[in-house]
2 protein chains.
Amino acid sequence: MNIFPPALERLIDAFASLPGVGGKSAQRMAFHILSLPDGEAEAFAEAIKSAKREVHRCSVCQNLTDSEICPVCESPKRDKSTICVVSDPKDLIAMERSHEYNGSYHVLHGVISPMNHVGPEDITVRELLARVGTGEVKEVIMATNPDTEGEATAMYISRLLKPLGIKVSRIAYGIPVGSNLEFADEATLFRALEGRREM
Amino acid sequence: MNIFPPALERLIDAFASLPGVGGKSAQRMAFHILSLPDGEAEAFAEAIKSAKREVHRCSVCQNLTDSEICPVCESPKRDKSTICVVSDPKDLIAMERSHEYNGSYHVLHGVISPMNHVGPEDITVRELLARVGTGEVKEVIMATNPDTEGEATAMYISRLLKPLGIKVSRIAYGIPVGSNLEFADEATLFRALEGRREM
(Lines give C-alpha, C1' and ligand atoms only; values in the text may rest on other atoms or scores of the structure.)
Protein backbone atom coordinates (compact mmCIF):
# COMPACT_ATOMS: atom_id res chain seq x y z
CA MET A 1 0.00 0.00 0.00
CA ASN A 2 1.73 3.12 -1.21
CA ILE A 3 -0.98 5.73 -1.05
CA PHE A 4 -3.65 7.07 1.24
CA PRO A 5 -7.32 6.19 0.70
CA PRO A 6 -8.66 7.94 -2.46
CA ALA A 7 -10.88 10.34 -0.48
CA LEU A 8 -7.84 11.48 1.52
CA GLU A 9 -5.72 11.76 -1.64
CA ARG A 10 -8.39 13.97 -3.19
CA LEU A 11 -8.37 16.24 -0.13
CA ILE A 12 -4.56 16.47 -0.20
CA ASP A 13 -4.71 17.33 -3.91
CA ALA A 14 -7.33 20.00 -3.22
CA PHE A 15 -5.12 21.69 -0.62
CA ALA A 16 -2.05 21.33 -2.84
CA SER A 17 -3.88 23.32 -5.53
CA LEU A 18 -3.98 26.38 -3.25
CA PRO A 19 -1.37 29.10 -3.87
CA GLY A 20 1.82 28.64 -1.84
CA VAL A 21 0.94 25.15 -0.60
CA GLY A 22 3.35 22.29 -1.33
CA GLY A 23 2.79 18.57 -1.02
CA LYS A 24 3.92 18.26 2.60
CA SER A 25 1.82 21.21 3.78
CA ALA A 26 -1.18 19.88 1.91
CA GLN A 27 -0.77 16.55 3.75
CA ARG A 28 -0.61 18.33 7.10
CA MET A 29 -3.74 20.33 6.26
CA ALA A 30 -5.65 17.23 5.16
CA PHE A 31 -4.67 15.38 8.35
CA HIS A 32 -5.74 18.41 10.35
CA ILE A 33 -9.17 18.25 8.68
CA LEU A 34 -9.45 14.55 9.55
CA SER A 35 -8.62 15.35 13.17
CA LEU A 36 -11.40 17.97 13.45
CA PRO A 37 -14.77 17.16 15.02
CA ASP A 38 -17.36 16.41 12.31
CA GLY A 39 -19.13 19.73 12.85
CA GLU A 40 -15.97 21.79 12.30
CA ALA A 41 -15.01 19.98 9.10
CA GLU A 42 -18.56 20.49 7.89
CA ALA A 43 -18.31 24.21 8.76
CA PHE A 44 -15.07 24.47 6.77
CA ALA A 45 -16.71 22.98 3.70
CA GLU A 46 -19.72 25.26 4.21
CA ALA A 47 -17.43 28.32 4.48
CA ILE A 48 -16.07 27.56 1.01
CA LYS A 49 -19.52 27.11 -0.47
CA SER A 50 -21.09 30.14 1.14
CA ALA A 51 -18.18 32.46 0.32
CA LYS A 52 -18.44 31.35 -3.30
CA ARG A 53 -22.23 31.76 -3.24
CA GLU A 54 -22.56 35.03 -1.35
CA VAL A 55 -19.50 37.06 -2.28
CA HIS A 56 -19.50 38.83 -5.62
CA ARG A 57 -18.44 42.16 -7.09
CA CYS A 58 -20.09 45.46 -6.18
CA SER A 59 -22.01 46.61 -9.24
CA VAL A 60 -20.46 50.07 -8.90
CA CYS A 61 -16.84 49.79 -7.76
CA GLN A 62 -16.23 46.04 -8.39
CA ASN A 63 -15.06 45.53 -4.80
CA LEU A 64 -16.06 42.23 -3.20
CA THR A 65 -19.34 42.40 -1.30
CA ASP A 66 -22.28 40.25 -0.27
CA SER A 67 -24.88 42.87 -1.16
CA GLU A 68 -25.75 44.51 -4.49
CA ILE A 69 -23.66 47.59 -3.66
CA CYS A 70 -20.71 47.58 -1.26
CA PRO A 71 -20.76 49.61 1.99
CA VAL A 72 -18.36 52.26 0.61
CA CYS A 73 -20.47 52.91 -2.49
CA GLU A 74 -23.65 52.87 -0.40
CA SER A 75 -22.41 55.32 2.24
CA PRO A 76 -23.76 58.86 1.73
CA LYS A 77 -20.71 60.18 3.61
CA ARG A 78 -18.25 59.10 0.92
CA ASP A 79 -17.30 61.54 -1.82
CA LYS A 80 -18.43 60.05 -5.12
CA SER A 81 -16.55 62.62 -7.23
CA THR A 82 -13.17 61.06 -6.39
CA ILE A 83 -12.29 57.50 -7.37
CA CYS A 84 -9.22 55.72 -6.05
CA VAL A 85 -8.23 52.93 -8.47
CA VAL A 86 -6.64 49.85 -6.86
CA SER A 87 -5.71 46.56 -8.45
CA ASP A 88 -6.95 44.31 -5.68
CA PRO A 89 -9.58 44.19 -2.87
CA LYS A 90 -6.69 43.77 -0.39
CA ASP A 91 -5.27 47.13 -1.51
CA LEU A 92 -8.65 48.75 -0.87
CA ILE A 93 -8.57 47.36 2.69
CA ALA A 94 -5.06 48.79 3.12
CA MET A 95 -6.20 52.22 1.92
CA GLU A 96 -9.18 52.10 4.30
CA ARG A 97 -6.86 51.31 7.20
CA SER A 98 -5.19 54.70 6.75
CA HIS A 99 -8.54 56.38 7.61
CA GLU A 100 -7.42 59.27 5.41
CA TYR A 101 -9.40 58.70 2.25
CA ASN A 102 -13.04 59.64 2.01
CA GLY A 103 -13.73 59.11 -1.69
CA SER A 104 -14.90 56.00 -3.48
CA TYR A 105 -12.90 53.19 -5.08
CA HIS A 106 -12.57 51.18 -8.21
CA VAL A 107 -11.12 47.67 -8.01
CA LEU A 108 -9.43 46.54 -11.24
CA HIS A 109 -9.05 42.89 -10.16
CA GLY A 110 -5.63 42.65 -11.72
CA VAL A 111 -3.14 44.71 -13.70
CA ILE A 112 -2.35 44.79 -17.39
CA SER A 113 0.37 42.22 -17.95
CA PRO A 114 1.16 41.13 -21.52
CA MET A 115 3.55 38.49 -20.13
CA ASN A 116 0.64 36.80 -18.37
CA HIS A 117 -1.81 37.47 -21.21
CA VAL A 118 -3.80 39.96 -19.14
CA GLY A 119 -5.07 42.83 -21.29
CA PRO A 120 -7.24 45.87 -20.43
CA GLU A 121 -10.33 43.84 -21.33
CA ASP A 122 -9.50 41.29 -18.60
CA ILE A 123 -9.60 43.84 -15.79
CA THR A 124 -12.42 46.25 -14.97
CA VAL A 125 -11.24 49.17 -17.14
CA ARG A 126 -14.51 49.21 -19.09
CA GLU A 127 -16.52 49.54 -15.86
CA LEU A 128 -14.26 52.41 -14.74
CA LEU A 129 -14.79 54.28 -18.02
CA ALA A 130 -18.56 53.80 -17.67
CA ARG A 131 -18.47 55.34 -14.17
CA VAL A 132 -16.36 58.26 -15.30
CA GLY A 133 -18.67 58.73 -18.29
CA THR A 134 -21.57 59.77 -16.03
CA GLY A 135 -19.87 63.16 -15.49
CA GLU A 136 -20.06 62.95 -11.68
CA VAL A 137 -16.36 62.10 -11.30
CA LYS A 138 -13.77 64.89 -10.97
CA GLU A 139 -10.58 63.11 -9.94
CA VAL A 140 -9.21 59.62 -10.39
CA ILE A 141 -6.32 58.63 -8.11
CA MET A 142 -4.22 55.78 -9.49
CA ALA A 143 -3.17 53.60 -6.54
CA THR A 144 -1.87 50.55 -8.36
CA ASN A 145 1.35 49.04 -7.01
CA PRO A 146 4.62 50.86 -7.76
CA ASP A 147 5.98 48.00 -9.88
CA THR A 148 6.31 47.71 -13.67
CA GLU A 149 2.85 46.31 -14.28
CA GLY A 150 1.15 48.63 -11.79
CA GLU A 151 2.90 51.60 -13.43
CA ALA A 152 1.95 50.53 -16.93
CA THR A 153 -1.68 50.00 -15.90
CA ALA A 154 -1.81 53.45 -14.22
CA MET A 155 -0.30 55.01 -17.32
CA TYR A 156 -2.71 53.23 -19.67
CA ILE A 157 -5.78 54.25 -17.68
CA SER A 158 -4.61 57.84 -17.26
CA ARG A 159 -4.23 58.16 -21.03
CA LEU A 160 -7.82 56.99 -21.47
CA LEU A 161 -9.17 59.38 -18.83
CA LYS A 162 -7.29 62.59 -19.51
CA PRO A 163 -9.02 63.32 -22.89
CA LEU A 164 -12.31 63.19 -20.96
CA GLY A 165 -11.20 66.19 -18.92
CA ILE A 166 -10.74 64.19 -15.70
CA LYS A 167 -7.94 65.04 -13.26
CA VAL A 168 -5.80 61.93 -12.92
CA SER A 169 -3.23 61.66 -10.11
CA ARG A 170 -0.79 59.04 -8.90
CA ILE A 171 -0.08 58.29 -5.22
CA ALA A 172 3.33 59.57 -4.10
CA TYR A 173 6.55 57.61 -4.11
CA GLY A 174 9.07 58.07 -1.35
CA ILE A 175 10.63 56.76 1.81
CA PRO A 176 8.12 54.74 3.90
CA VAL A 177 7.36 56.36 7.25
CA GLY A 178 9.39 54.75 10.04
CA SER A 179 11.91 53.22 7.68
CA ASN A 180 15.62 53.83 7.40
CA LEU A 181 17.35 55.74 4.58
CA GLU A 182 20.24 53.32 4.84
CA PHE A 183 18.09 50.47 3.55
CA ALA A 184 16.16 52.37 0.88
CA ASP A 185 16.86 51.34 -2.71
CA GLU A 186 18.19 53.81 -5.29
CA ALA A 187 14.94 54.07 -7.25
CA THR A 188 12.96 54.96 -4.13
CA LEU A 189 15.55 57.52 -3.01
CA PHE A 190 15.54 59.09 -6.47
CA ARG A 191 11.75 59.33 -6.41
CA ALA A 192 11.82 60.71 -2.85
CA LEU A 193 14.25 63.45 -3.89
CA GLU A 194 12.29 64.20 -7.03
CA GLY A 195 9.05 64.49 -5.03
CA ARG A 196 10.52 66.68 -2.27
CA ARG A 197 8.30 69.41 -0.80
CA GLU A 198 9.17 72.74 0.75
CA MET A 199 9.03 72.63 4.56
CA MET B 1 -15.49 49.64 5.50
CA ASN B 2 -12.60 47.89 7.14
CA ILE B 3 -13.34 44.25 6.56
CA PHE B 4 -14.33 41.85 3.86
CA PRO B 5 -17.91 40.56 3.58
CA PRO B 6 -18.70 38.16 6.47
CA ALA B 7 -18.80 35.08 4.23
CA LEU B 8 -15.30 35.90 2.96
CA GLU B 9 -14.05 36.61 6.49
CA ARG B 10 -15.35 33.20 7.58
CA LEU B 11 -13.48 31.51 4.73
CA ILE B 12 -10.26 33.39 5.58
CA ASP B 13 -10.67 32.35 9.24
CA ALA B 14 -11.22 28.74 8.18
CA PHE B 15 -7.97 28.70 6.19
CA ALA B 16 -6.11 30.53 8.96
CA SER B 17 -7.07 27.70 11.35
CA LEU B 18 -5.03 25.23 9.28
CA PRO B 19 -1.56 24.32 10.58
CA GLY B 20 1.21 26.55 9.22
CA VAL B 21 -1.15 29.08 7.62
CA GLY B 22 -0.88 32.74 8.67
CA GLY B 23 -3.30 35.57 8.01
CA LYS B 24 -1.81 36.67 4.68
CA SER B 25 -1.67 33.14 3.28
CA ALA B 26 -5.24 32.51 4.42
CA GLN B 27 -6.33 35.63 2.51
CA ARG B 28 -4.55 34.44 -0.64
CA MET B 29 -6.19 31.02 -0.34
CA ALA B 30 -9.65 32.50 0.16
CA PHE B 31 -9.22 34.79 -2.86
CA HIS B 32 -8.05 31.79 -4.84
CA ILE B 33 -11.26 29.96 -3.93
CA LEU B 34 -13.33 32.96 -5.07
CA SER B 35 -11.49 32.96 -8.39
CA LEU B 36 -12.28 29.28 -9.06
CA PRO B 37 -15.15 28.23 -11.33
CA ASP B 38 -18.23 27.28 -9.24
CA GLY B 39 -17.74 23.58 -9.93
CA GLU B 40 -14.18 23.53 -8.64
CA ALA B 41 -15.01 25.36 -5.42
CA GLU B 42 -17.87 22.93 -4.93
CA ALA B 43 -15.47 20.02 -5.50
CA PHE B 44 -13.08 21.43 -2.89
CA ALA B 45 -15.89 21.60 -0.31
CA GLU B 46 -16.97 18.09 -1.27
CA ALA B 47 -13.39 16.78 -0.90
CA ILE B 48 -13.39 17.96 2.71
CA LYS B 49 -16.76 16.38 3.45
CA SER B 50 -16.07 13.07 1.74
CA ALA B 51 -12.60 12.66 3.28
CA LYS B 52 -14.15 13.26 6.69
CA ARG B 53 -17.02 10.86 5.91
CA GLU B 54 -15.13 8.04 4.21
CA VAL B 55 -11.73 7.94 5.87
CA HIS B 56 -11.47 6.30 9.27
CA ARG B 57 -9.12 4.00 11.15
CA CYS B 58 -8.52 0.38 10.17
CA SER B 59 -10.11 -1.78 12.87
CA VAL B 60 -6.92 -3.84 13.09
CA CYS B 61 -3.86 -1.58 12.70
CA GLN B 62 -5.51 1.85 13.14
CA ASN B 63 -4.07 3.09 9.84
CA LEU B 64 -6.33 5.42 7.84
CA THR B 65 -8.52 3.60 5.35
CA ASP B 66 -11.86 3.87 3.59
CA SER B 67 -12.75 0.21 4.11
CA GLU B 68 -13.28 -1.78 7.31
CA ILE B 69 -9.75 -3.22 7.15
CA CYS B 70 -6.84 -1.49 5.41
CA PRO B 71 -5.12 -3.06 2.35
CA VAL B 72 -2.02 -4.06 4.38
CA CYS B 73 -4.04 -5.91 7.03
CA GLU B 74 -6.23 -7.48 4.35
CA SER B 75 -3.35 -8.75 2.21
CA PRO B 76 -2.67 -12.48 2.69
CA LYS B 77 0.92 -11.85 1.56
CA ARG B 78 1.79 -9.76 4.61
CA ASP B 79 3.32 -11.42 7.66
CA LYS B 80 0.89 -10.95 10.54
CA SER B 81 3.37 -12.20 13.16
CA THR B 82 5.45 -9.02 12.91
CA ILE B 83 4.07 -5.61 13.80
CA CYS B 84 5.90 -2.38 13.00
CA VAL B 85 4.71 0.37 15.36
CA VAL B 86 4.70 3.90 13.89
CA SER B 87 3.35 7.09 15.39
CA ASP B 88 1.72 8.45 12.28
CA PRO B 89 0.10 7.29 8.99
CA LYS B 90 2.75 9.30 7.12
CA ASP B 91 5.47 7.19 8.76
CA LEU B 92 3.72 4.05 7.54
CA ILE B 93 3.77 5.44 3.99
CA ALA B 94 7.50 6.14 4.40
CA MET B 95 8.16 2.57 5.57
CA GLU B 96 6.17 1.18 2.64
CA ARG B 97 8.24 3.25 0.22
CA SER B 98 11.32 1.27 1.25
CA HIS B 99 9.66 -1.91 -0.17
CA GLU B 100 11.67 -3.85 2.43
CA TYR B 101 9.09 -4.57 5.05
CA ASN B 102 6.57 -7.37 4.64
CA GLY B 103 4.93 -7.47 8.06
CA SER B 104 1.94 -5.55 9.36
CA TYR B 105 1.74 -2.20 11.11
CA HIS B 106 0.28 -0.49 14.10
CA VAL B 107 -0.36 3.25 13.95
CA LEU B 108 -0.28 4.96 17.36
CA HIS B 109 -1.69 8.30 16.12
CA GLY B 110 0.65 10.26 18.32
CA VAL B 111 3.38 9.79 20.90
CA ILE B 112 3.30 9.95 24.66
CA SER B 113 4.03 13.55 25.58
CA PRO B 114 3.34 14.70 29.14
CA MET B 115 4.19 18.28 28.09
CA ASN B 116 1.25 18.23 25.65
CA HIS B 117 -0.97 16.20 28.00
CA VAL B 118 -0.84 13.14 25.76
CA GLY B 119 -0.79 9.94 27.79
CA PRO B 120 -0.75 6.26 26.73
CA GLU B 121 -4.57 6.26 26.83
CA ASP B 122 -4.67 8.99 24.16
CA ILE B 123 -2.80 6.92 21.57
CA THR B 124 -3.65 3.41 20.37
CA VAL B 125 -1.57 1.49 22.94
CA ARG B 126 -4.63 -0.41 24.20
CA GLU B 127 -5.42 -1.60 20.66
CA LEU B 128 -1.80 -2.75 20.22
CA LEU B 129 -1.92 -4.76 23.45
CA ALA B 130 -5.19 -6.39 22.32
CA ARG B 131 -3.57 -7.45 19.02
CA VAL B 132 -0.50 -8.82 20.77
CA GLY B 133 -2.77 -10.61 23.25
CA THR B 134 -4.10 -12.93 20.53
CA GLY B 135 -0.80 -14.83 20.58
CA GLU B 136 -0.27 -14.60 16.82
CA VAL B 137 2.38 -11.87 17.13
CA LYS B 138 6.06 -12.80 17.54
CA GLU B 139 7.93 -9.54 17.05
CA VAL B 140 7.10 -5.89 17.52
CA ILE B 141 9.41 -3.37 15.81
CA MET B 142 9.29 0.08 17.37
CA ALA B 143 9.62 2.62 14.55
CA THR B 144 8.66 5.81 16.38
CA ASN B 145 10.77 8.88 15.60
CA PRO B 146 14.27 9.07 17.12
CA ASP B 147 13.40 12.10 19.27
CA THR B 148 12.71 12.34 23.01
CA GLU B 149 9.00 11.61 22.81
CA GLY B 150 9.38 8.89 20.19
CA GLU B 151 12.06 7.24 22.35
CA ALA B 152 9.97 7.46 25.50
CA THR B 153 6.95 6.02 23.73
CA ALA B 154 9.02 3.13 22.30
CA MET B 155 10.47 2.47 25.77
CA TYR B 156 7.05 2.56 27.43
CA ILE B 157 5.50 0.13 24.95
CA SER B 158 8.47 -2.24 25.02
CA ARG B 159 8.15 -2.48 28.80
CA LEU B 160 4.51 -3.45 28.44
CA LEU B 161 5.23 -6.06 25.75
CA LYS B 162 8.35 -7.78 27.04
CA PRO B 163 6.63 -9.49 30.02
CA LEU B 164 4.25 -11.07 27.47
CA GLY B 165 7.20 -12.91 25.91
CA ILE B 166 7.17 -10.81 22.74
CA LYS B 167 10.42 -9.91 20.98
CA VAL B 168 10.60 -6.11 20.85
CA SER B 169 13.13 -4.38 18.61
CA ARG B 170 13.98 -0.79 17.70
CA ILE B 171 14.93 0.41 14.21
CA ALA B 172 18.64 1.20 13.91
CA TYR B 173 20.25 4.57 14.44
CA GLY B 174 23.14 5.68 12.30
CA ILE B 175 24.39 7.77 9.43
CA PRO B 176 21.69 8.23 6.75
CA VAL B 177 22.61 6.63 3.42
CA GLY B 178 24.02 9.22 1.00
CA SER B 179 24.77 11.76 3.72
CA ASN B 180 28.10 13.20 4.77
CA LEU B 181 29.94 12.35 8.01
CA GLU B 182 31.07 15.96 8.18
CA PHE B 183 27.52 17.17 8.79
CA ALA B 184 26.38 14.38 11.14
CA ASP B 185 25.64 15.45 14.70
CA GLU B 186 27.52 13.96 17.68
CA ALA B 187 24.59 11.89 18.96
CA THR B 188 24.09 10.25 15.58
CA LEU B 189 27.83 9.54 15.20
CA PHE B 190 27.92 8.04 18.69
CA ARG B 191 24.94 5.79 17.87
CA ALA B 192 26.50 4.86 14.51
CA LEU B 193 29.73 3.80 16.22
CA GLU B 194 27.87 1.95 18.94
CA GLY B 195 25.79 0.08 16.35
CA ARG B 196 28.75 -0.85 14.12
CA ARG B 197 28.73 -4.27 12.44
CA GLU B 198 31.55 -6.53 11.34
CA MET B 199 32.22 -6.35 7.59
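Residues numbered from 1 in each chain as written. Chains lettered and ligands numbered in written order. Predicted model: local features only at pLDDT ≥ 70, side-chain atom pairs only at ≥ 80, totals over all residues. Heavy atoms only, no water.

A. Layout of the overall build of chain A. The helix and strand tally for chain A stands at eight helices and six strands. Traced from its N-terminal end to its C-terminal end, chain A shows the element sequence α-α-α-β-β-α-β-α-β-α-β-α-β-α. In terms of overall dimensions, chain A is more spread out than a globule: its C-alpha atoms have a radius of gyration of 22 Å, far above the 16 Å expected for 199 residues. Of all 199 residues assigned to chain A, the portion counted as buried reaches 42%. Sequence separation of at least 24 residues holds for 47% of the intrachain contacts in chain A that already meet a minimum separation of 6. Summing over all exposed atoms, chain A offers an accessible surface of approximately 11,200 Å²; the carbon and sulfur share of this is 55%. In chain A, 22 positive and 28 negative side-chain charges are present, and the distance between their average locations comes to 3 Å. (Helix = DSSP H or I, 4+ residues; strand = E, 2+ residues; numbered from the N terminus. Rg over C-alpha atoms; globule rule 2.2 N^0.38 Å. Buried < 20%, exposed > 50% of the residue type's maximum accessible area, 1.4 Å probe, protein only. Contact = heavy atoms within 4.5 Å. Areas by Shrake-Rupley, 256 points an atom, 1.4 Å probe, with all protein chains shown as cover. Lys, Arg positive; Asp, Glu negative; His and termini not counted. Charge placed at Lys NZ, Arg CZ, Asp CG, Glu CD.)

B. Quick look at the nonpolar core. Membership of the largest hydrophobic core comes to 50 residues, with the highest contact counts inside it found for Phe-15 of chain A together with Phe-15 of chain B. Those elements that provide at least two residues to this core are helix 1 (6-16), helix 2 (23-35) and helix 3 (38-54) of chain A together with helix 1 (6-16), helix 2 (23-35) and helix 3 (38-54) of chain B. Apart from the residues lying within four places of it in its own chain, the contact partners of Phe-15 of chain B are Phe-15, Leu-18 and Phe-44 of chain A together with Val-21, Ala-26, Met-29, Ala-30, Ile-33 and Phe-44 of chain B. (Core = buried A, V, L, I, M, F, W, Y, C linked by side-chain atoms within 4.5 Å.)

C. Expanded view of the packing of aromatic side chains. Counted under the stated rule, the structure contains eight aromatic pairs over all chains. Aromatic pair Phe-15 of chain A and Phe-44 of chain A: ring centres 6.4 Å apart, planes at 85°, arrangement edge-to-face. Linking Phe-15 of chain A in helix 1 with Phe-44 of chain A in helix 3, this pair joins segments that are 29 residues apart in sequence. The same class applies to Phe-15 of chain A as to Phe-44 of chain A, namely buried. The rings of Phe-15 and Phe-44 of chain A together with Phe-15 and Phe-44 of chain B are connected pair by pair, giving a single aromatic cluster. Note that Arg-191 of chain A overlies the ring of Tyr-173 of chain A, its terminal NZ or CZ placed 4.2 Å from the centroid. (Phe/Tyr/Trp six-rings, centres within 6.5 Å; stacked < 30°, edge-to-face > 60°. Lys NZ or Arg CZ within 6 Å of the ring centre and 35° of its normal.)

D. Structural context of the sheet that holds strand 3 (residues 79-86) of chain A. Residue and element names in this part refer to chain A. Strand order in the open sheet made by the four strands is 4-3-5-6, with parallel pairing throughout. This sheet does not close on itself; its edge strands, each paired only once, are strand 4 (103-107) and strand 6 (167-170). Sheet twist, expressed as the average angle between the axes of neighbouring strands with direction ignored, equals 25°. Sheet strands touched by helix 5 (residues 89-97): strand 3 and strand 4. Its angle to strand 4, the strand with the most contacts, is close to 160°. Contacts from helix 6 (residues 125-133) reach strand 3, strand 4 and strand 5 (139-142) within the one sheet, and its direction differs from that of strand 4 by about 150°. (Pairing = 2+ DSSP bridges. Axes fitted to C-alpha atoms, helices over the stretch in contact; angles between N-to-C directions.)

E. A look at helix 1 of chain B. The complete set of buried residues in helix 1 of chain B reads Ala-7, Leu-8, Leu-11, Ile-12, Ala-14 and Phe-15 of chain B. The buried residues of helix 1 of chain B occupy one face: seen down the axis, they fall within an arc of 160°. The inward-facing, buried residues of helix 1 of chain B contact helix 1, helix 3 and strand 2 (64-65) of chain A together with helix 2 and helix 3 of chain B. (Arc of directions from axis to C-beta.)

F. Seen up close, the sheet that holds strand 6 (residues 167-170) of chain B. All names here are of chain B. A sheet is described by the order of its strands in space; here four strands give the open sequence 4-3-5-6, paired in parallel fashion. Whereas interior strands pair on both sides, the edge strands pair on one side only; in this sheet they are strand 4 (103-107) and strand 6. Averaged over all pairs of adjacent strands, the angle between strand axes in this sheet comes to 25°, irrespective of strand direction. For strand 5 (residues 139-142) and strand 6, the ladder comprises four bridges, and the chain directions are parallel. From the neighbouring strand, Glu-139 faces strand 6, where its bridge partner is Lys-167. Running at roughly 160° to strand 4, helix 5 (residues 89-97) makes contact with strand 3 (79-86) and strand 4 of the sheet.

G. Quick look at the relation of the copies chain A and chain B. Overlay of chain A on chain B (RMSD 0.1 Å): rotation 180°, translation along the axis 0.0 Å. The symmetry that links the two subunits is that of a two-fold axis. Relative to the rotation axis, the C-alpha of Ala-45 of chain A is the closest in chain A, positioned 2.1 Å from it. Counting the interface residues of chain A, we find that 100% of their copies in chain B are interface residues as well, pointing to one common contact surface. (Least-squares fit on C-alpha atoms with pLDDT ≥ 70 in both.)

H. Structural view of the packing of helix 1 of chain A against helix 3 of chain B. Closest axis-to-axis distance for the helix 1 of chain A/helix 3 of chain B pair is 8 Å, and the angle between their directions is 145°. When you trace helix 1 of chain A past helix 3 of chain B, the crossing you get is left-handed. Facing Ala-7, Arg-10, Leu-11, Ala-14 and Phe-15 of chain A of helix 1 of chain A, the residues of helix 3 of chain B in contact are Phe-44, Ala-47, Ile-48, Ser-50, Ala-51 and Glu-54 of chain B. Classifying every residue of the contact of helix 1 of chain A with helix 3 of chain B by side-chain character gives eight nonpolar, one polar and two charged. (Left-handed = near helix turned anticlockwise from the far one by under 90°. Nonpolar A, V, L, I, M, F, W, Y, C, P; charged D, E, K, R; others polar.)

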